[in-house]
Amino acid sequence: MSMTYLDNAATSFPKPEETYVFMDQFYRTHGVNPGRSGYDLCMETGQLVDDTRKLLARFFNGTDSDRLIFAYNSTDALNLALLGMLSSGDHAITTTVEHNSVLRPLYHLSQHAGVEVDHVPFDANGFVDPDALAARFKPTTRVVAVNHASNVIGTVQPIAEIGRRCREHGIRLVVDASQTAGKIPIDVQAMNVDVLAFTGHKSLMGPTGIGGLYVQEGVEIRQLRAGGTGVRSAQRAHLVEYPWRLEYGTPNVLGIAGLNAGLKWIEKTGLAAIDAHEMRLMRRLVDGLHEVPNVSLYCQDSLDNHIAVMAFNLDGFEAGNTGTILDVDHNIACRTGLHCAPMVHEQLGLDKIHGAVRFGIGPFNTDDDITAAIGAVGEIAAVRAKKMTRTRG
Amino acid sequence: MATIELNGRTYTVDENGFLQEPEIWNDDVARDFATTEGITDMTDEHWVLVRYLRDYYLKYGIAPMVRKLCKETGFRLAQVYDLFPSGPANGACKVAGLPKPTGCV
């Protein structure tokens with residue numbers, strides 16, 4: 001039995017063949033240190049890094065590719081942004097729908113740097129109300145940090161509306177696009193985003209270990225590290241110009257190559273086509289699971305403004321047990337537990353039952369995968385129901 | 001160390017109720033611990049799983065991976081949960097007198 005992979009919210013798998021092939025080919029022929037020397041191969045490798053910056057900046061409708069910063073992943077990028085934008089006495093607002101990539105850096109700042117942090121809850125459908133968020137603004141509010149789409153319930157937040165309110169008050173908006181970059185369009189200008197954090201290994205179809213930030217013109221982030229840049233080596237202090245300001249040491253050339261290939265695959269396939277495919281499967285999955293007795297879905301009543309990520313539980317059965325049976329008996333890969341987003345589960349009351357089961361659909365999932373998932377959950381639910389009947393009897 | 005009294009006998013257990021004296025384990029001990037799982041009658045199917053876990057533990061010093069448990073015994077995991085409501089780790093291993101598994105079963 002081949003594996004049904006429904007853990008694309010953790011990382012996309014498989015990647016497009018083009019990603020694997022280009023990474024292998026490029027690293028074999030261009031695995032040198034970019035931007036450090038003037039020989040042709042080094043320049044060509046540096047060109048790929050620059051080309052990928054341009055591709056990504058264009059992909060997010062940024063105006064200056066030098067302000068596209070490479071980092072390890074979203075968590076790394078968000079640490080660069082949040083720790084570099086907030087200081088003692090500042091107030092930051094975030095939401096309960098966040099991943100720990102936002103929650104933990106802000107918690108760290110609240111515990112060790114004198115930053116005050118507020119958490120705005122999401123509504124019954126999983127959305128953050130921009131007015132409720134703006135009601136928390138204070139004279140000391142410097143940053144609002146919001147997840148573009150939840151990695152648990154899949155709801156897409158009204159970023160442009162939140163951004164408009166931030167702009168009106170001179171507050172910077174940092175957006176965690178880990179789940180959306182490569183799934184739905186992102187336009188940092190139209191959405192009033194000041195800093196966008198992305199990861200390469202999810203829907204951008206690159207490998208793990210590569211991600212980054214896009215920093216809008218006029219937004220300044222303090223550098224928190226220092227080191228090699230390959231540029232102006234005699235200078236004692238780390239460079240203040242972007243991208244070097246926020247990049248330290250030899251870049252992840254192999255990761256950037258994979259991201260380059262992933263992006264080109266997305267552009268060739270089309271974001272709209274990817275989203276349409278995934279949401280069609282999502283519709284089938286949600287409708288199918290709705291039909292299974294004793295299955296609880298969370299914030300899935302409507303799929304408007306959703307990505308293809310959803311969470312559920314079988315009533316009275318721990319998510320971890322369901323996930324293990326899906327794996328062992330049905331060869332279905334998914335993620336169970338709190339999904340590094342504890343406040344989502346707390347607000348839904350799922351923390352007390354150790355979280356939920358999450359399915360994340362990717363561009364290579366098929367109707368057969370969805371049929372297998374619905375069938376497997378139905379079978380587990382039926383066995384549980386039979387047992388409950390026996391127990392009661 | 002905590003103790004638990006089952007069917008009139010007292011056992012030393014860890015904070016999760018797992019037997020701390022593996023050398024005293026026998027079928028009667030298994031039946032006693034089965035009551036903590038709500039099992040009043042150990043069927044042949046229960047014993048197949050318990051004996052496999054016990055033998056594997058005595059041979060390798062750890063609990064088997066859950067896939068291996070299912071493959072070697074022929075049970076689907078859903079059946080294991082049906083027999084031991086707390087599952088292979090917290091239920092079956094406890095009845096088999098194994099220490100609490102840390103990440104295998």
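Keep in mind the model is a prediction, meaning the values are calculated, not measured.

The rules behind each value
Residues numbered from 1 in each chain as written. Chains lettered and ligands numbered in written order. Predicted model: local features only at pLDDT ≥ 70, side-chain atom pairs only at ≥ 80, totals over all residues. Heavy atoms only, no water. Helix = DSSP H or I, 4+ residues; strand = E, 2+ residues; numbered from the N terminus. Rg over C-alpha atoms; globule rule 2.2 N^0.38 Å. Buried < 20%, exposed > 50% of the residue type's maximum accessible area, 1.4 Å probe, protein only. Contact = heavy atoms within 4.5 Å. Lys, Arg positive; Asp, Glu negative; His and termini not counted. Charge placed at Lys NZ, Arg CZ, Asp CG, Glu CD. Pairing = 2+ DSSP bridges. Axes fitted to C-alpha atoms, helices over the stretch in contact; angles between N-to-C directions. Parallel < 35°, antiparallel > 145°, perpendicular 65-115°, else oblique. Left-handed = near helix turned anticlockwise from the far one by under 90°. Nonpolar A, V, L, I, M, F, W, Y, C, P; charged D, E, K, R; others polar. Salt bridge = Lys/Arg side-chain N within 4 Å of Asp/Glu carboxyl O. Expected span 1.5 Å × (residues − 1). Arc of directions from axis to C-beta. Buried area = accessible area lost by both parts, 1.4 Å probe. Core = buried A, V, L, I, M, F, W, Y, C linked by side-chain atoms within 4.5 Å. Domains from an automatic or database assignment. Polar contact = N/O pair within 3.5 Å; in protein donor to acceptor, adjacent residues only side chain to side chain.

## Let's talk about the overall build of chain B
Then comes step 1: Looking only at helices and strands, chain B features five helices and two strands.
Then comes step 2: Radius of gyration (C-alpha) of chain B: 13 Å, near the 13 Å computed for a compact globule of 105 residues.
Then comes step 3: For chain B, the proportion of its 105 residues judged to be buried stands at 49%.
Then comes step 4: The contacts of chain B with a sequence gap of at least 6 include a subset with a gap of at least 24, amounting to 54%.
Then comes step 5: In chain B, which carries 11 positive and 15 negative side-chain charges, the distance between the mean positions of the two groups comes to 9 Å.

## Some remarks on the sheet that holds strand β10 (residues 309–314) of chain A
Residues and elements named next belong to chain A.
Then comes step 1: As summarised here, the arrangement of the four strands in space is β9-β10-β13-β12, forming an open sheet in which the pairing is antiparallel. The open sheet terminates on both sides in strands that have one partner only, identified here as β9 (295–297) and β12 (335–337). The sheet shows a mean angle of 30 degrees between the axes of neighbouring strands, direction not considered.
Then comes step 2: With four bridges joining them, β10 and strand β13 (residues 356–360) adopt antiparallel strand pairing. Along β13, the bridge assignment pairs Phe312 with Val357.
Then comes step 3: Of the strands in this sheet, β9, β10 and β13 touch helix α8 (residues 271–290), which is tilted by about 15 degrees from β10.

## Things to note about the packing of helix α2 (residues 40–59) of chain A against helix α7 (residues 253–269) of chain A
Residues and elements named next belong to chain A.
Then comes step 1: Relative to each other, α2 and α7 sit at 45 degrees, their axes nearing to 10 Å. Here α2 is positioned oblique relative to α7, judged by the angle of their axes. For the pair α2 and α7, the sense of crossing is left-handed. Judged by residue contacts, Thr45, Leu48, Val49, Asp51, Thr52, Leu55, Leu56, Arg58 and Phe59 of α2 engage Val253, Ile256, Ala257, Leu259, Asn260, Leu263, Lys264, Ile266 and Glu267 from α7.
Then comes step 2: For the contact of α2 with α7, a count of residues per class yields eleven nonpolar, three polar and four charged.

## Some words on the pattern of salt bridges
Then comes step 1: With the rule as written, the count across this model stands at 30 salt bridges over all chains.
Then comes step 2: The partner of Asp24 of chain A in a salt bridge is Arg28 of chain A, and the shortest N-O contact between them spans 2.9 Å. Of this pair, Asp24 of chain A and Arg28 of chain A both sit in helix α1 (residues 17–30), four residues apart, which is roughly one turn of the helix.
Then comes step 3: One salt bridge connects Glu379 of chain A with Arg76 of chain B, and the closest N-O pair in it is separated by 2.8 Å. Of this pair, Glu379 of chain A sits in helix α11 (residues 367–392) while Arg76 of chain B sits in the loop between α3 (66–73) and α4 (77–83), which puts the two residues in different chains.
Then comes step 4: For Arg76 of chain B, a relative accessible area of 35% gives the class partly exposed.

## A few points about α1 of chain A
All names here are of chain A.
Then comes step 1: With 14 residues, α1 extends 19 Å between its outermost C-alpha atoms, agreeing within 8% with the 20 Å of an ideal straight helix rising 1.5 Å per residue.
Then comes step 2: Among all positions of α1, only Thr19, Met23, Phe26 and His30 are buried. End-on, the buried residues of α1 take up no more than an arc of 85 degrees, which puts them together on one face. Facing away from the buried side of α1 by over 90 degrees, the exposed positions are Glu17 and Arg28.

## Quick look at the interface of chain B and chain A
The extent of an interface is frequently quoted as the accessible surface area lost upon association of the parts.
Then comes step 1: The partner chain A presents 14 residues to the nine residues of chain B that form the contact.
Then comes step 2: Between chain B and chain A the total buried area reaches about 1,100 Å² when both faces are included, carbon and sulfur atoms providing 50% of it.
Then comes step 3: Within the residue set of the side of chain B that touches chain A, elements represented by two or more residues are α3 and α4 of chain B.
Then comes step 4: Ranked by the residues each element gives to the side of chain B that touches chain A, the list is headed by α4 of chain B, at four residues.
Then comes step 5: Classifying every residue of the side of chain B that touches chain A by side-chain character gives six nonpolar, no polar and three charged.

## A word on the nonpolar core
Residues and elements named next belong to chain A.
Then comes step 1: Leu285, Leu289, Met310, Phe312, Leu326, Phe359 and Val377 are the most contacted members of the largest nonpolar core, which totals 67 residues.
Then comes step 2: Setting aside its immediate chain neighbours within four residues, Leu285 contacts Met310, Phe359, Ile361, Ile370, Ala373 and Ile374.
Then comes step 3: Counting residues in each nonpolar core, the second largest holds 56 residues, with Leu55, Phe60, Ile159 and Ala177 among its members.

## Quick look at the pairing of strand β1 (residues 2–6) of chain B
Residue and element names in this part refer to chain B.
Then comes step 1: In the sheet, β1 pairs with strand β2 (residues 9–13) via five bridges, with the strands oriented antiparallel. By the bridge assignment, Leu6 is partnered in β2 with Arg9.
Then comes step 2: In this structure, the hairpin formed by β1 and β2 is closed by a connection of two residues, where Asn7 is found at a positive phi of approximately 50 degrees.

## Regarding the sheet that holds strand β4 (residues 116–120) of chain A
Residues and elements named next belong to chain A.
Then comes step 1: Judged by pairing direction, the sheet is mixed, and its seven strands sit side by side in the order β2-β8-β7-β6-β5-β3-β4 without closing on themselves. Two strands in the sheet have a free side with no partner beyond their single neighbour: β2 (68–71) and β4. Within this sheet the neighbouring strands show an average axis-to-axis angle of 20 degrees, counted without direction.
Then comes step 2: Taken together, the five bridges between strand β7 (residues 195–199) and strand β8 (residues 211–215) define a ladder with antiparallel strand orientation. Within the sheet, the bridge partner assigned to Thr199 lies in β8 and is Gly211.
Then comes step 3: In this fold helix α4 (residues 100–112) packs onto β3 (91–95), β4, β5 (141–147) and β6 (172–176), with an angle of close to 155 degrees to the strand it touches most, β3.

## A word on the domain arrangement of chain A
Residues and elements named next belong to chain A.
Then comes step 1: For chain A, the domain assignment lists domain 1 (4–13 + 270–392) and domain 2 (17–268).
Then comes step 2: If you average the C-alpha positions of domain 1 and of domain 2, the two centres end up 29 Å apart.
Then comes step 3: Between domain 1 and domain 2, the contact holds 34 residues from the first and 37 residues from the second.
Then comes step 4: Of the roughly 2,800 Å² buried between domain 1 and domain 2 on both sides combined, carbon and sulfur atoms contribute 61%.
Then comes step 5: Taken as a group, Leu271, Ile307 and Met343 account for 22% of the area that domain 1 buries against domain 2, more than any other trio of residues on that side.
Then comes step 6: Linking domain 1 to domain 2 there are one salt bridge.
Then comes step 7: Between Lys183 and Glu278 there is a salt bridge, and its shortest N-O distance comes to 2.8 Å.
Then comes step 8: The tally of links between domain 1 and domain 2 comes to 19 residue pairs in polar contact (both at pLDDT 80 or more).
Then comes step 9: Counting only elements with at least two residues in the side of domain 1 that touches domain 2, the list comes to α8, β10 and α10 (342–348).
Then comes step 10: For the side of domain 1 that touches domain 2, the element with the most residues is α10, which contributes six residues.
Then comes step 11: For the side of domain 1 that touches domain 2, a count of residues per class yields 20 nonpolar, nine polar and five charged.

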